[in-house]
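# Residue-level structure breakdown
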Amino acid sequence: MKVLIVGSGGRCHALAWKIKQSPLLKELFVAPGNAGMNDIATLVPIDVLDNEALLKFAIDNHIDLTIVGPEASLMNGICDLFKEKGLKIFGPTKDAALIEGSKEFAKDIMTKYLIPTAKYESFDDYEEALAYVEREGTPIVINSWRKPIGLPMG
C-alpha cells in the first residue's frame, strides 16, 4: 500500500511513524513533512494548501490512501476534491471541517442547538470588542482568528 500524509507537524509525524510500522506499507510519502521525518518517509515539497499539486502527486504515484493532518487543508477542501476524483482519503469534507476550523462557526452551532458552551461574542471592530471585555470583566477568554475566506459563517 502506498500512503501519502499531508502535513508537517507533530500529529503527522506520529501518524507517519506508526504507519511506517505496518507490514502492508510499500511506500510512505509526507507533503511537505519536516526534517525529522526523513528517516521514516519520502518528503514531498508540496504546500498543504495546493490541492491540485497534491492530487497530481497522488494520481501520478498511484497513492492508495491519503491522510490529512492540518485543519487548513481540510477547510481548503482537499477531501472533497480527492473523493470527487475517486481517490481514497481520510478526513472530513470542507463543510464538516468547519466545526474544528472555525471557532465562531462551532459556537454558533452550539448556541443554535442549545449545546452547553461558554458565553461568547464575535467582533470585527476592536473598540466594540474592548467595550465588551470592559463590560463583562474578568476572568474572560479572548480568542483572535480570521474568518476563512469563502466559507459560510452563520
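Here the structure is a predicted model, which is why all the values come from computation and not from measurement. (Residues numbered from 1 in each chain as written. Predicted model: local features only at pLDDT ≥ 70, side-chain atom pairs only at ≥ 80, totals over all residues. Heavy atoms only, no water.)

Let us now look at the pairing of strand 2 (residues 27–32). With six bridges connecting them, strand 1 (residues 2–7) and strand 2 associate as parallel partners. Opposite Gly-7, over in strand 2, you have Pro-32 as the bridge partner. Considered for its hand, the β-α-β crossover made up of strand 1, helix 1 (residues 10–19) and strand 2 is right-handed. Sheet analysis places strand 2 next to strand 3 (residues 42–43), joined by two bridges and oriented parallel. Pairing of Phe-29 across the sheet is with Thr-42, part of strand 3. (Pairing = 2+ DSSP bridges. Helix = DSSP H or I, 4+ residues; strand = E, 2+ residues; numbered from the N terminus. Right-handed = clockwise from strand over helix to strand, strands pointing away.)

This paragraph deals with the nonpolar core. By size, the foremost hydrophobic cluster in this structure holds 24 residues, and its most contacted members are Leu-4, Val-6, Leu-54, Phe-57, Val-68, Ile-78 and Phe-82. Put simply, the parts of the chain that give this core at least two residues each are strand 1, strand 2, helix 2 (51–60), helix 3 (71–75), helix 4 (78–84) and helix 5 (94–101). Ignoring sequence-local partners within four residues, the contact set of Leu-54 consists of Leu-4, Val-6, Ala-31, Ile-46, Asp-47, Val-48, Ile-78 and Phe-82. Ranked by size, the runner-up nonpolar core spans twelve residues in total, among them Ile-5, Ile-19, Ala-41 and Ile-67. (Core = buried A, V, L, I, M, F, W, Y, C linked by side-chain atoms within 4.5 Å. Buried < 20%, exposed > 50% of the residue type's maximum accessible area, 1.4 Å probe, protein only. Contact = heavy atoms within 4.5 Å.)

Read across the sheet, five strands follow the order 3-2-1-4-5 without closing on themselves; strand pairing throughout is parallel. Only two strands of the sheet have a single neighbouring strand rather than two, namely strand 3 and strand 5 (89–90). In this sheet, strand 5 lies alongside strand 4 (residues 65–68) in parallel orientation, the contact comprising two bridges. Bridging across to strand 5, Ile-67 finds its partner in Phe-90. Across the sheet, helix 2 is in contact with strand 1, strand 2 and strand 4; its angle to strand 1 comes to roughly 165°. (Axes fitted to C-alpha atoms, helices over the stretch in contact; angles between N-to-C directions.)

One pass over the full model with this rule turns up four salt bridges. The shortest N-O distance in the salt bridge between Glu-84 and Lys-85 comes to 4.0 Å. Look at Lys-85 and you get partly exposed, because its relative accessible area is 46%. (Salt bridge = Lys/Arg side-chain N within 4 Å of Asp/Glu carboxyl O.)

Right, let's talk about the packing of aromatic side chains for a bit. Following the criterion strictly, the structure yields two aromatic pairs and no others. On the basis of an interplanar angle of 80° and a centroid distance of 5.1 Å, the ring pair of Phe-29 and Phe-57 is categorised as edge-to-face. With a gap of 28 residues between them, Phe-29 in strand 2 and Phe-57 in helix 2 connect regions that are remote in the sequence. A single burial state applies to Phe-29 and to Phe-57, both of which are buried. Seen in terms of ring centroids, Phe-123 and Tyr-132 are 5.4 Å apart; in terms of plane orientation they differ by 50°. Their pairing is tilted. With relative accessibility at 10%, the residue Tyr-132 sits in the buried group. (Phe/Tyr/Trp six-rings, centres within 6.5 Å; stacked < 30°, edge-to-face > 60°.)

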